[in-house]
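Given next are the chains, with one letter for each unit.
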Amino acid sequence: MVVSKHLVAVIDYGSQYTQLIVRRVRELGYLAKLYTPEEIGEIVQPGAVILSGGPRSTSEPGAPDIDFERLRSFNVPVLGVCYGMQLLNIKTGGTVRPSNCREYGPAALIPEEATGLYAGVSASSQVWMSHSDTVDHLAEGCRVIARNSEGVPVSLQWGENMFGIQFHPEVTHSHEGRTILRNFLSFAKELASFDIGDFKRELIEEIRARVGERQVVCGVSGGVDSTVLAVLLHEAGVNARCIFVDNGLLRKDEALEVEENFRKMGVKIETVNAADRFLAALAGETAPEKKRRIIGSLFIDVFWDAVGDAEMLAQGTLYPDVIESASNAKSKASVIKTHHNRVERVLELQAQGKVIEPLAFLFKDEVRALGASMGIPHDILWRHPFPGPGLAVRCPGEVTREKLEIIRESDAIFISTLRKWGWYDKCWQAYAGLIPVKTVGVKGDERSYEFATNLRAIVSEDAMTADWVQLPYDLLREVSNRILNEVKGTNRVLYDVSTKPPASIEWE
Ligand code: XMP
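Residues numbered from 1 in each chain as written. Predicted model: local features only at pLDDT ≥ 70, side-chain atom pairs only at ≥ 80, totals over all residues. Heavy atoms only, no water.

Right, let's talk about the sheet that holds strand β16 (residues 355-356) for a bit. Pairing in this open sheet of five strands is parallel, and the strands run β14-β13-β12-β15-β16 from one edge to the other. A single partner strand is all that each edge strand has here, and the edge strands are β14 (269-273) and β16. Bridging between strand β15 (residues 312-314) and β16 involves two bridges; their strand directions are parallel. The residue bridging L313 from the neighbouring strand is V355, located in β16. (Pairing = 2+ DSSP bridges. Helix = DSSP H or I, 4+ residues; strand = E, 2+ residues; numbered from the N terminus.)

In structure tokens:
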């Protein structure tokens, strides 16, 4: 694929951040690929090499190594991050001192000069440390190019274009990490650019090679990740079965919309209507965690009943899920641990090499770009997140059909109004939920005694924290008027002005 231009080879020593390095390089517009240390022989001619951090100590027996001769033979810029830097120091004749405690967290980076690797970097910049070993003696010809606030060397340079850094430039807590990576890459010549179209072709080749003639099953929810995965399988032309479980906890007309969207994209899906089973299982249950468990385990039963004997399973797992579960040198191979992605059945298939996760190296925005490159409509790619347990987590207390109906109708009004006013895309997530308390009101000339509707609209970057959106009063007035006039069963509309923390985005 890459002819005259060269990719950035990232050698994985097992740090939980390794994929982030790849991602940051891609963000800077260059093609980057991950290799194990043993694969260095397979790298043809990279444009630059980055050795990642890792959890091991270079002094441990059997610690991962590098074929230094081969690395030198590329004659390209090299950056060693943490473990990578220590390895470079040893390979060039220096020594590393093991330490019993791990330095973890923010530290000051004080470059000796604001040139080269540190061009444009502040005189003191916050970086993120996560290491236990430190360099001891430096090799001949190696010089210190930055220290921490105690004067300890945290960055080294050998010759013109080989660098070591003790910190992680790839994490956002290293405030100028992006500049440092960009500076490093500026030492390279003829770097290949990252192109989502090329990337898609590569993924498709990989899928074809893994799946072959077998049948691959994939669950779709209408959300971004599973939709992109299903369309990718479709483009790969493999024999795929896409299964969509309607758990009765979806939004107004959502099942129909999902079916219609896939139909338009030419991808066949099988809908399993299990609404009655879910609602029956939830009857009488009020405890939030129990409700979640009921929904989660029933989903697994319903999905696997529909699947039967799967030859292969495709999951739309993304890289952030991988990061959460990655914690050691074997992390590259570690499985994603969220929701139904980790149930026993999946683990069994995984052990047999029958699970593929083509999106596992991608972040959400990259998945969206991939989706856009396959013609998936904007509205699908930019749909607000929707939780697996669906409307049940927006319906505190017992879930009933009556309450779900109120939520659905109110939510449809709220969302369509946000779209009409141009606020949908400005919100990270928005929904209507129900407050299961009846209060007195007047509807027509009659006394009413009905539930309250709760509107929530938030902005967030990663769902870990969130702020409520200052929607225009007139928009809220329109939504409230319509809900009170059009939705049966509610006589009050409240706007949730709680930040996360301490509140969460969903109500349960
Ligand atoms: P909370 O309520 O924890 O939500 O602040 C954070 C984000 O996660 C979504 N969410 C879920 N997504 N399965 C999912 O796929 C779940 O069980 C689940 N629970 C919450 C929520 O909608 C928000 O975007």
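Past the structure itself, the notes keep going.
Scanning the model with the defined rule gives zero disulfides in all. Free of any disulfide, C142 has its nearest neighbouring cysteine sulfur in C82, separated by 15 Å. We classify C142 as buried; its relative accessible area is 12%. (Disulfide = S-S within 2.5 Å. Buried < 20%, exposed > 50% of the residue type's maximum accessible area, 1.4 Å probe, protein only.)

The ligand sits among 13 residues. The nearest are R292, Q429, K500, I505 and E506. In this structure, a nitrogen atom belonging to the ligand sits 3.1 Å away from a main-chain N or O atom of G388. At 2.5 Å from an oxygen atom of the ligand is found a side-chain nitrogen or oxygen belonging to E506. Split by residue class, the shell around the ligand holds six nonpolar, four polar and three charged. (Near = heavy atom within 4 Å. Polar contact = N/O pair within 3.5 Å; in protein donor to acceptor, adjacent residues only side chain to side chain. Nonpolar A, V, L, I, M, F, W, Y, C, P; charged D, E, K, R; others polar.)

Quoted interface sizes are often the accessible area lost when the parts come together. The assigned domain composition of the protein is domain 1 (8-185), domain 2 (196-381) and domain 3 (400-495). Computed over C-alpha atoms only, the centres of domain 1 and domain 3 are separated by 50 Å. (Domains from an automatic or database assignment.)

The next thing to look at is the packing of aromatic side chains. A full pass over the atoms with the stated rule returns eight aromatic pairs. On the numbers, 5.6 Å between centres and 80° between planes, the contact of Y104 with W128 is edge-to-face. Linking Y104 in strand β6 (residues 103-111) with W128 in strand β7 (residues 125-131), this pair joins segments that are 24 residues apart in sequence. Of the residues examined, Y104 reaches a relative accessible area of 51% and is grouped as exposed. Between F303 and W304, the aromatic rings sit 5.4 Å apart at their centres with planes inclined by 85°, giving edge-to-face as the arrangement. The pair formed by F303 and W304 is uniform in burial state, with each residue classed as buried. Every member of this aromatic cluster is reached through a ring pair, and the members are F163, F184 and F187. A cation over a ring is seen here: R26 above F199, with NZ or CZ 5.4 Å from the ring centre. (Phe/Tyr/Trp six-rings, centres within 6.5 Å; stacked < 30°, edge-to-face > 60°. Lys NZ or Arg CZ within 6 Å of the ring centre and 35° of its normal.)

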